[in-house]
Amino acid sequence: KKVRMNDELKKPFLGHLEELRQRLIKCAIAVALGFFLAYGFSDKLFIILAKPLTNIMGPQEKLIFTNLSEMFIIYLKLSAIAGILFAAPVIFYQLWQFVAPGLYENEKKYVIPFVLFSTILFVGGSLFGYFLVFPFGFKFFLSFSNEYVKALPSVKEYFSLSIKLLLAFGLIFELPVFMFFMAKIGLITAETLKKNRRISILVISIVAAILTPPDAFTQLMMAGPLLVLYEVSIYVAKLASKPRGKEQGEA
C-alpha cells in the first residue's frame, strides 16, 4: 500500500517535469529562431549597440579588438541575446502557462496582461538605459582622456558592460510584475512595502551603485526609476492582495 501511494505521488510530479520539459523546448525553439534571424543582421545590431559610445568618440576614433576571433564571438553572443529578446513574449507566455494550473479560473485571465506588461517593462527598461543612461555614463568614462592618456575602448569590454547594463535595467523594470505575484500568493502586502520604504531606499541606492558606472548622475538615473517602480509596486500589491477566496466567490 505504501509503495502504491508513492507511485501515485510520483505521477503528478513526473507530469509536471514533462510539462516543464515541453515548455522549455518551445522556449528554446523560439530563441533559436530569434538567434538565426538576428545573426543575419548582427553587424548592424552591433553598430546600434555601440552608437551611444561612438557618438561621443571623435569621428576618427574606433572601437578596437585584439583577438582575431573576437568580433565573430561578439556577433554570436549578440545574436543569442537578441534571440532571447525576440522570444521574450513566448518565454513569458510559457512561464505563465506553467504556473496557471495553480491559479483560480478568474486569475487565469491575467495571461495576456502578464505577457504584455512583462515584455513592455523589460524592453522599456533596456531602452531607458540605452537612450538616457549610456550617453552620460560613457561620456564620464571618456572624460579621463587628455593629452597624455588616450582611451582605446575594446569591443569585448564595451559589449560586456553594455549588455550587463541593458539586462540590469530590463530586469529592474520588472519589479511591479514581480511584486504583483508576490502579493498574489501572500508573501508581501502593500502595508509591508510601506513600512520597509526606508530600508528599500537604502537597498536601491546600493544596487544602483553596483550596477552603474561610478558617477553620481548615472547612479541616480537607475535609482530614480527604481524608487518610482517601488511606489508603483505598493499600489500594484494593494490591488493584488485581495483575498483569493473572495475573488473566487465573486467569479
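In this numbering scheme, every chain counts its residues from 1 along its sequence in written order. In view of the model being predicted, local features appear only for residues whose pLDDT reaches at least 70, and side-chain atom pairs are presented and counted only at 80 or more, with totals across whole chains, interfaces and linings using the full set of residues. As a convention, hydrogens and water are excluded, and side-chain values are obtained from all of the structure's heavy atoms.

**Q** Looking at this structure, how should I read the overall build of the chain?
**A** Numbering of helices and strands runs from the N terminus; a helix is a DSSP stretch of H or I covering at least four residues, while a strand is a stretch of E covering at least two. Looking only at helices and strands, the chain has eleven helices and zero strands in total. Secondary structure of the chain in N-to-C order comes out as α-α-α-α-α-α-α-α-α-α-α. Taking all 251 residues of the chain together, the buried fraction comes to 36%. The contact definition used throughout considers only heavy atoms, calling two residues in contact when any of these lie within 4.5 Å. Contacts in the chain between residues at least 24 apart in sequence constitute 81% of all its contacts with a sequence separation of at least 6. Surface accessibility in these figures is a Shrake-Rupley result with a 1.4 Å probe; residues are shielded only by whichever protein chains are displayed. In the structure as shown, the chain presents an accessible area of about 15,800 Å², 71% of it carried by carbon and sulfur atoms. In this scheme, a residue with accessible area under 20% of its type's maximum is buried, one over 50% is exposed, and one in between is partly exposed, where area comes from a 1.4 Å probe on protein chains only.

**Q** Help me understand the packing of helix α2 (residues 42-54) against helix α3 (residues 70-86) in this model?
**A** For any two helices packed against each other, the geometry is given by the interaxial angle and the distance between the axes. Only the contacting stretch of a helix is used when fitting its axis, a line to C-alpha atoms as for every element, and angles between N-to-C directions run 0 to 180 degrees. Viewed as axis vectors pointing N to C, α2 and α3 meet at an angle of 85 degrees, and their least axial separation amounts to 9 Å. Regarding the angle of α2 to α3, the classification is roughly perpendicular. On α3, the residues that touch S42, D43, L45, F46 and L49 of α2 are M71, I74, Y75, L78, S79 and A82. Taken together, the residues that form the contact of α2 with α3 break down as eight nonpolar, two polar and one charged. Throughout, the term roughly parallel applies to angles under 35 degrees, roughly antiparallel to angles over 145, roughly perpendicular to angles from 65 to 115, and oblique to all others. Here the term charged refers only to Asp, Glu, Lys and Arg, the term nonpolar to Ala, Val, Leu, Ile, Met, Phe, Trp, Tyr, Cys and Pro, and the term polar to all other amino acids, Gly among them.

**Q** For this particular structure, what's the right way to read the layout of surface pockets?
**A** Over the atoms rolls a probe the size of a water molecule, and in doing so it shows where empty space is left. The space that makes up the largest pocket amounts to roughly 500 Å³. Every definition here rests on a 1 Å grid over the protein atoms only: cavities are sets of points where a 1.4 Å probe fits but cannot get out, pockets are open sets enclosed by protein on both sides within 12 Å along at least five of seven lines, and lining residues have some atom within 4 Å of a point. Together, 17 residues line the largest pocket, and L45, L49, A82, L85 and L166 are the ones closest to its centre. For the lining of the largest pocket, the secondary structure elements donating two or more residues are α2, α3, α5 (111-142) and α6 (155-172). Per-element accounting of the lining of the largest pocket gives the leading share, six residues, to α5. Of the residues assigned to the lining of the largest pocket, the class counts are 16 nonpolar, one polar and no charged. Grid points are joined across faces, edges and corners, and a volume is the space filled by probe spheres set on the points.

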